[in-house]
Amino acid sequence: MKTKIIALDDDPTGSQTVHSCLLLTKWDVETLKIALLDDSSPLFFVLTNTRGMSSMIAAEVTREACHNLRLALADLKQHHSIEINPILVSRSDSTLRGHYPVETNVIAQELGPFDAHFLVPAFFEGGRITRNATHYLQMGDGQEIPCHETEFAKDTVFGYSTAYLPDYVSEKTKGEISAEQVVCFTLEDVREGCTEKLLQLHGNVCCVVDCEVQADLDYFSTQLKDIAEHHRRRFLFRSGASLLTSLAMLPPQPMVATEMSQYVKDGCPGVVLIGSHVKKTTTQLEELLKLPETDAIEVDVTKIRSDEEHVMFENIIGKIEASHTARKHPIIFTSREELNFPSQQDRLEFGAEISAFLMNIVRKLPPTIGFLISKGGITSNDVLSQGLRLRTSRVLGQILPGCSVVCCPSDHPRFPEMPVVIFPGNVGDKYSLATALSRLAKKQ
């Protein structure tokens, strides 16, 4: 039996610690079979992009992906005698935002039963660790802040009041799973061995896992996979990116980050597209615009839905073409102020309209650009699925910790073999976006 790690990713940033795997922006049965049979990697990602949807639509999309996955697995077994043991991961935000428990509930209904589901939101490259069942954000000065004290906990759609994960589970499930029912795997459990504790799990019990370094999850994953294989136990995971690193255990990426300009054809200038509006992104944008050969092009989101929208679009396209002709890098970014909306649904709908505007820009980019850097998780998903209209793409590796580079296929009608950077909104220091651009623009 072949094992395949399958990550249903609520935005396209979950591949930020791996390489050589496929990203799927379509999840019909035939596309899923291509990914299941891909021998280049032990895992693949289905980019459902549900974090940018309402909980109802997120459930429908997750259900469709799971239903088609079940059909694909059954078809391979029945008609091709290929049996695949899936390790299922609901990959989500390392700062606890997302549709939990909606997505894990749907996965359990469609592809269960499971003996347990694990919350493992750690993302070490981004400074997210879990200790004593509390999830922390490590700052550059060595300070550790419980995630509920950060801006991420104030998200108008996915806000929460506690980073103590058993209480977080109780809050998000509205008491259906009480804090007392959550099984906690301490650092001692993880580092000294927890096989017996794992074997006692049943009934899709909720578990949280302490981890401070990648080695913690490496050992924990080894135990999990051993139990799954030899004791036929089934586990479901709600995780950040670092668990996937440990489950996959990949060798180093083929091209080192500092040499990724080799993927850029003829040293052509690129484009940066910024949809994320978190504080970190704004700081990174300020540093990026200090670089020579960059042109700032702002998208005033207050003009979307107005009579001025079309004129603004045509002006932006003209500025991009002029900048590219001058061999400069257009930096396209949404206006920075946070708008207020009467409801979560109104905010999501307006966000979708902004994204549609940005994707129209992507489709009009000059075909001779050398690369594209997409800043923001939801923005990046839409770039791949709507702007570039990719069915699949392959991860080349990371240009910075937490920032994947994928490649358009060679038969893409407008941007063949163009590298695209998926840069999450909440990753890196203030210089990271400038560093990514400098690395791709480096003269060989």
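Residues numbered from 1 in each chain as written. Predicted model: local features only at pLDDT ≥ 70, side-chain atom pairs only at ≥ 80, totals over all residues. Heavy atoms only, no water.

> An account of the nonpolar core is requested, with residue identities and associated values reported.
Among the nonpolar cores identified, the biggest contains 70 residues, and Phe 118, Phe 185, Ile 361, Leu 365 and Leu 388 are the most heavily contacted of them. In terms of residue count, helix α11 (residues 344-363) provides more of this core than any other element does, seven residues in total. Sequence-distant contacts of Ile 361, that is, excluding residues within four places in its chain, are made with Val 299, Phe 313, Ile 316, Ile 317, Ile 320 and Ile 332. (Core = buried A, V, L, I, M, F, W, Y, C linked by side-chain atoms within 4.5 Å. Buried < 20%, exposed > 50% of the residue type's maximum accessible area, 1.4 Å probe, protein only. Helix = DSSP H or I, 4+ residues; strand = E, 2+ residues; numbered from the N terminus. Contact = heavy atoms within 4.5 Å.)

> I'd like to hear about the UniProt feature "domain: Four-carbon acid sugar kinase N-terminal" (unreviewed entry) in the chain, residue by residue, with values.
Summarizing the sequence annotation, UniProt attributes the feature "domain: Four-carbon acid sugar kinase N-terminal" (unreviewed entry) to residues 5-247 in the numbering used throughout. Helix makes up 36% of residues 5-247 and strand makes up 21%, while its end C-alpha atoms are separated by 8 Å. (UniProt positions renumbered as here; feature names shortened; annotations may be inferred.)

> Tell me about the packing of aromatic side chains, residues and numbers included.
Tallied over the entire structure, the rule returns nine aromatic pairs. Taking 5.7 Å as the distance between ring centres and 65° as the angle between the ring planes, the aromatic pair formed by Phe 185 and Phe 220 counts as edge-to-face. Of the two residues, Phe 185 sits in strand β9 (residues 183-185) while Phe 220 sits in helix α7 (residues 214-230), which places them 35 residues apart along the sequence. What makes Phe 185 buried here is its relative accessible area of 1%. The interplanar angle of 85° and the centroid separation of 5.7 Å between the aromatic rings of Phe 313 and Phe 357 together place this pair among those described as edge-to-face. Taken together, the positions of Phe 313 in helix α10 (residues 309-325) and Phe 357 in helix α11 put the pair 44 residues apart, joining distant regions of the chain. Each of the two residues, Phe 313 as well as Phe 357, counts as buried. Three or more aromatic residues joined by ring pairs form one cluster here, namely Phe 118, Phe 185, Phe 220, Phe 235 and Phe 237. Stacked on the ring of Tyr 136, the Lys or Arg Arg 131 has its end atom at 5.6 Å from the ring centre. Across the ring face of Phe 185, the terminal group of Lys 197 is positioned such that the distance to the ring centre comes to 4.8 Å. (Phe/Tyr/Trp six-rings, centres within 6.5 Å; stacked < 30°, edge-to-face > 60°. Lys NZ or Arg CZ within 6 Å of the ring centre and 35° of its normal.)

> Go over the UniProt feature "domain: Four-carbon acid sugar kinase nucleotide binding" (unreviewed entry) in the chain with me, naming the residues and quoting the values.
Per the UniProt record, "domain: Four-carbon acid sugar kinase nucleotide binding" (unreviewed entry) is found at residues 271-430. The distance from the first to the last C-alpha atom of residues 271-430 is 19 Å, and the span holds 36% helix and 24% strand.

> Break down the pattern of salt bridges for me, with residues and values.
Under the definition given, this model contains 29 salt bridges. We note a salt bridge from Glu 212 to Arg 191, for which the minimum N-O separation is 3.4 Å. Taken as a pair, Glu 212 in the loop between β10 (205-209) and α7 and Arg 191 in helix α5 (residues 187-192) lie far apart in primary sequence, 21 residues in all. The exposure class assigned to Arg 191 is partly exposed, which follows from its relative accessible area of 42%. When the shortest N-O distance is used, the salt bridge between Glu 287 and Lys 290 registers 3.0 Å. (Salt bridge = Lys/Arg side-chain N within 4 Å of Asp/Glu carboxyl O.)

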